[in-house]
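A look at the structure
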Amino acid sequence: MLKQMDRHIKTLRSVAFFSVCLSVIMSGGICYGNDSTQTLFLKKTFQDMAPKPDYIWLTPTVRLTIEAILLHEYKGSRIKYWRKNDQAAWILEETAKDSTVCVGIVVSQEKIQKLEILSAEGRW
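Quick look at the structure, then. Being a predicted model, the structure only gives us computed values, none of them experimental.

**A look at the pattern of salt bridges**
The final tally for this structure, using the stated rule, is three salt bridges. Arg63 is the salt-bridge partner of Glu67, the closest N and O atoms lying 3.9 Å from each other. With Glu67 and Arg63 both in helix α3 (residues 60–70), this residue pair falls four residues apart, about one helical turn. A residue is classified by how much of its surface remains accessible, and Glu67, at 22% relative accessible area, is partly exposed. The exposure class of Arg63 is partly exposed, given its relative accessible area of 22%. As a salt-bridge pair, Glu116 and Lys114 come within 3.3 Å of each other at their nearest N and O atoms. A single salt-bridge network, built from bridges that share partners, covers Lys44, Lys114 and Glu116.

**Structural notes on the side chain of Ser108**
The topology assignment puts Ser108 in strand β4 (residues 99–108). Within polar-contact distance, the side chain of Ser108 engages the side chain of Asp86 at 3.4 Å. Other than its neighbours up to four places away in sequence, Ser108 contacts Asp86 and Gln113.

What counts and how
- Here the residue numbers are simple positions, counted from 1 along each chain's written sequence.
- Per-residue local features of the predicted model are confined to residues with pLDDT of at least 70, and side-chain atom pairs are confined, for both listing and counting, to 80 or more; whole-chain, interface and lining totals are unaffected and use all residues.
- Only hydrogens and water are set aside; all other atoms, that is, all heavy atoms of the structure, feed into the side-chain values.
- Here a salt bridge means any side-chain nitrogen of Lys or Arg lying within 4 Å of a carboxyl oxygen belonging to Asp or Glu.
- Secondary structure follows DSSP: runs of H or I at least 4 residues long count as helices, runs of E at least 2 residues long count as strands, and numbering of each begins at the N terminus.
- Residue exposure (1.4 Å probe, protein chains only): buried if accessible area is under 20% of the type maximum, exposed if over 50%, otherwise partly exposed.
- As used in this structure description, the phrase polar contact means that two N or O atoms lie within 3.5 Å; if the pair is within protein, one of them must be able to donate a hydrogen and the other to accept it, and residues adjacent in sequence are counted only when both atoms belong to side chains.
- We call two residues contacting when some pair of their heavy atoms lies within 4.5 Å.

In short, geometric facts, not functional conclusions.
What follows is the structure, given as structure tokens:
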């Protein structure tokens, strides 16, 4: 169980890092994402059969790790992800200044395989 949690934290660290980087380097005021975009992302990732979501519960130790990566407080108590076999999908939202970016990230074999912008709103 502890080894699995360490793997989840390692994966989440990579995902959070790319999410923050993406929110910082984005340009333009595009807004093209919504729940249907997220559903489509999951269908494409898992070949039309998205698994039920699972969650990483933010214990104090996990929360400290995430907040150290994000460089700000994280208000949620859990983070949702979808896993099937060795592939996991994460949909994360990050705010930078007055803008919000929602990204879909696919991780397989502890490496990011795909990163897709699902929505970008606000002033860039």
